[in-house]
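Secondary and tertiary structure notes
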Amino acid sequence: MEMGKSKQQFMDLNRETAMRLWSKSFGKETKAVDFAGRIIAKGAYNDRNSEFGWNVDHILPQSKGGATADHNLVCCHIRTNDEKADRFPCFTANGTAFDIVKVQNHYEIRAKSKKKESEEEAKSEELDFFDSASGIRFFKKLKGIQNKRRFVGTVFIRLQGLANTAVVDFIEELMEAEDISYKAENPDSNDLIVVARDYDLPLKDDISELLDKCILLNTYLGSCFLPCGYVAGYDIFYRIDCFEDKASMYGQLENINWASMTYNHPYNSGLLASYSQQRGQDTLFVNGLVLENTEAGEKVERERHSEYTEYDYIYTNLSKNLKREASGK
């Protein structure tokens, strides 16, 4: 049995399989662009002499236990495949850095955001404030980014009837890259507002990454923490705000707080009240700039009577597993 399993796992990819994957990925297109940005041509399969030669690669390398299954295969340029090879979980192809990340029960290739790359570069460059040259060099870098447009992401998480503060610790870990603050909505209740904020989201990928965290949190809260009684209700508001420069950000950011969160329910269009005074909806809401800069704008229609639109999306497989966990507590 083990020999048969090994043979199945490491079987050779043939042309028929490759063509089927091409059709599944690109339809009837005769030319396409692989994940690294290189052009490939359907008729140049496995042709190393062609400028557009391509083949099929395992996302999670076979050497790391990756299976030869559609969900773990990707059509890519031969040079892209050579550069990726068996590198895991990070690699560089066509000058772009990528991560191989686990998403539910499979792996995906994702480009690193420029923000992450710059953060990693900054960490690698030693900063010594006792060295005047190092300190001034760092200050000059900061001077150069003050007048650039700033996109700020804010996530307001309203926890009603919080019965276990482990929920807050969980949110802190999930939002570990963001600045966290807290506000007691009512001193006489167990209601808490957690605010997670990222002051610099220059790319759409960065905005999407924070949305993914919100969907994850919505999945855990709705599928586990709420049915287990750790919270009595919750709301998540994710908004993006754009400022012309850092000075205007400092001047206007204080006006973006929980009290200003409003949602006008489509069935109650005559009333636009502070959402903090309404009963929890146990869902996720996003504002217009989130819709414009993520795939959310393609999935839901923007609410015309409110600044926010309901975006009650969850990770389905994760939700099923969490519900099973919750049933056993």
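Note that the structure is predicted; figures quoted are calculated from it, not measured. Residue positions are counted from 1 within each chain, in the order its sequence is given. pLDDT decides what is reported in this predicted model: residues at 70 or higher carry local features, side-chain atom pairs at 80 or more are listed and counted, and totals for whole chains, interfaces and linings draw on all residues regardless. To obtain the side-chain values, all non-hydrogen atoms of the structure were used and water was disregarded.

Here we look at the overall build of the protein
From N to C terminus, the protein includes 11 helices and 13 strands. Here, residues are in contact when the closest pair of their heavy atoms is within 4.5 Å. Put simply, of all contacts in the protein between residues at least 6 apart along the chain, 61% involve residues at least 24 apart. Surface accessibility in these figures is a Shrake-Rupley result with a 1.4 Å probe; residues are shielded only by whichever protein chains are displayed. Approximately 18800 Å² of the protein is accessible, and the part contributed by carbon and sulfur atoms is 49%. In this text, helices come from DSSP runs of H or I with a minimum length of four residues, and strands from runs of E with a minimum of two, each type numbered from the N-terminal end.

Quick look at the pattern of salt bridges
Any carboxyl oxygen of Asp or Glu within 4 Å of a side-chain nitrogen of Lys or Arg constitutes a salt bridge here. Taken as a whole and assessed by the stated rule, the structure comprises 14 salt bridges. Note that Arg302 and Glu292 form a salt bridge whose closest N and O atoms lie 3.5 Å from each other. With Arg302 in the loop between helix 10 (296-299) and strand 13 (308-310) and Glu292 in helix 9 (residues 288-293), the pair connects residues that are 10 residues apart, well separated along the chain. A cluster of three or more residues bridged by salt bridges with shared partners is formed by Arg20, Lys24 and Asp70.

A few points about the packing of helix 6 (residues 166-174) against helix 7 (residues 204-225)
For helices, the axis comes from a line fit to the C-alpha atoms of the stretch in contact; other axes are also lines fit to C-alpha atoms, and the angle between any two N-to-C directions lies between 0 and 180 degrees. Contact geometry of helix 6 with helix 7 gives a least axis separation of 11 Å together with a crossing angle of 160°. Looking at the two axes, helix 6 sits roughly antiparallel to helix 7. For the pair helix 6 and helix 7, the sense of crossing is right-handed. Here helix 6 contributes Val167, Phe170, Ile171 and Leu174 to the contact with helix 7, which in turn contributes Lys213, Leu216, Leu217, Tyr220, Leu221 and Phe225. Under the scheme applied here, ten amino acids are nonpolar (Ala, Val, Leu, Ile, Met, Phe, Trp, Tyr, Cys and Pro), four are charged (Asp, Glu, Lys and Arg), and all others, including Gly, are polar. When the residues that make up the contact of helix 6 with helix 7 are grouped by side-chain class, the tally is nine nonpolar, no polar and one charged. Should an angle lie under 35 degrees it is considered roughly parallel, over 145 roughly antiparallel, and from 65 to 115 roughly perpendicular; all remaining angles are considered oblique. Less than a right angle of anticlockwise turn of the near helix away from the far helix marks a crossing as left-handed, whereas a clockwise turn marks it as right-handed.

What to know about the pairing of strand 11 (residues 233-243)
Burial analysis of strand 11 places 10 of its 11 residues in the buried class, which makes it a mostly covered element. Two strands pair if DSSP finds at least two bridges between them. Here strand 8 (residues 150-160) pairs with strand 11 via 11 bridges, running antiparallel. Note on strand 11: the bridge partner recorded for Ile157 is Ile236. Pairing analysis gives four bridges linking strand 11 to strand 12 (residues 283-287), with the strands arranged parallel. Paired with Asp235 across the bridge in strand 12 is Thr283. Classification of residues uses two cut-offs on accessible area relative to the type maximum, computed with a 1.4 Å probe and protein chains only: under 20% is buried, over 50% is exposed, and between them is partly exposed.

Quick look at the nonpolar core
Nonpolar cores were defined as sets of buried Ala, Val, Leu, Ile, Met, Phe, Trp, Tyr and Cys residues, with membership established by side-chain atoms within 4.5 Å. Residues Val155, Leu159, Leu211, Leu221, Ile236 and Tyr238 are the most contacted members of the largest nonpolar core, which totals 39 residues. Within the residue set of this core, elements represented by two or more residues are strand 8, helix 6, strand 10 (192-198), helix 7, strand 11, strand 12, helix 9 and helix 11 (316-328). Ile236 has contacts with Val155, Phe156, Ile157, Cys214, Leu217, Asn218, Leu221, Thr283, Leu284 and Phe285, leaving out every residue within four places of it along the chain. Listed in part, the 12 residues of the second largest apolar core include Phe237, Leu253, Trp258 and Phe285.

Here's the deal with the confidence of the model for the protein
Every residue carries a pLDDT, the predictor's confidence in it, which falls somewhere between 0 and 100. On average, the protein scores 84 in pLDDT, and the residues at 70 or more come to 84%. Mean pLDDT values over the elements of the protein span from 36, in helix 1 (residues 2-9), up to 96, in strand 4 (residues 73-77). Every residue in residues 263-279 is under pLDDT 50, and counting partners more than four places away or in other chains gives 39 contacts.

Remarks on the sheet that holds strand 11
Spatially, 9-10-8-11-12-13 is the arrangement adopted by the six strands of the open sheet, whose pairing is mixed. For this open sheet the edge positions go to strand 9 (179-184) and strand 13, each flanked by a neighbour on one side alone. Averaged over all neighbouring strand pairs, the angle between strand axes comes to 20°, with direction disregarded. Note that strand 12 and strand 13 share three bridges and pair antiparallel.

Description of the side chain of Thr294
Position of Thr294 relative to the elements: it lies in the loop between helix 9 and helix 10. The contacts of Thr294, once residues within four sequence positions are left out, are Ile207, Ser208 and Leu211.

Brief notes about helix 11
An ideal rise of 1.5 Å per residue puts 18 Å on 13 residues; helix 11 measures up with 19 Å between its terminal C-alpha atoms. Tucked into the core, helix 11 has its buried residues touching helix 7. Here the expected length of a helix is defined as 1.5 Å per residue gap, with one fewer gap than residues.

Some remarks on the environment of Tyr308
Along the polypeptide, Tyr308 turns up in strand 13. Looking at Tyr308, the relative accessible area reads 0%, which means it is buried. Here a polar contact is taken to be a pair of N or O atoms separated by no more than 3.5 Å, where protein atoms must pair a possible hydrogen donor with a possible acceptor and residues adjacent in sequence count only if both atoms sit in side chains. At a separation of 2.9 Å, a polar atom in the side chain of Tyr308 contacts the side chain of Arg239.

Some thoughts on the packing of helix 7 against helix 11
Closest axis-to-axis distance for the helix 7/helix 11 pair is 8 Å, and the angle between their directions is 35°. Crossing handedness for the pair helix 7 and helix 11: right-handed. Residues Leu216, Thr219, Tyr220, Ser223 and Cys224 of helix 7 form the contact with helix 11, whose own contacting residues are Leu318, Ser319, Leu322, Lys323 and Ala326. The residue makeup of the contact of helix 7 with helix 11, split by class, is six nonpolar, three polar and one charged.

Considerations on the pairing of strand 6 (residues 96-103)
In summary, the side chains of a regular strand alternate between the two faces of the sheet. By the bridge criterion, four bridges tie strand 5 (residues 90-93) to strand 6 in an arrangement that is antiparallel. Pairing of Ala93 across the sheet is with Thr96, part of strand 6. Pairing geometry for strand 6 and strand 7 (residues 106-111), over six bridges, is antiparallel. Bridge pairing links Val103 to His106 in strand 7. In textbook terms, the turn of a hairpin is the stretch between consecutive antiparallel strands, and for strand 6 and strand 7 this stretch comprises two residues, one of which, Gln104, has a positive phi near 55°.

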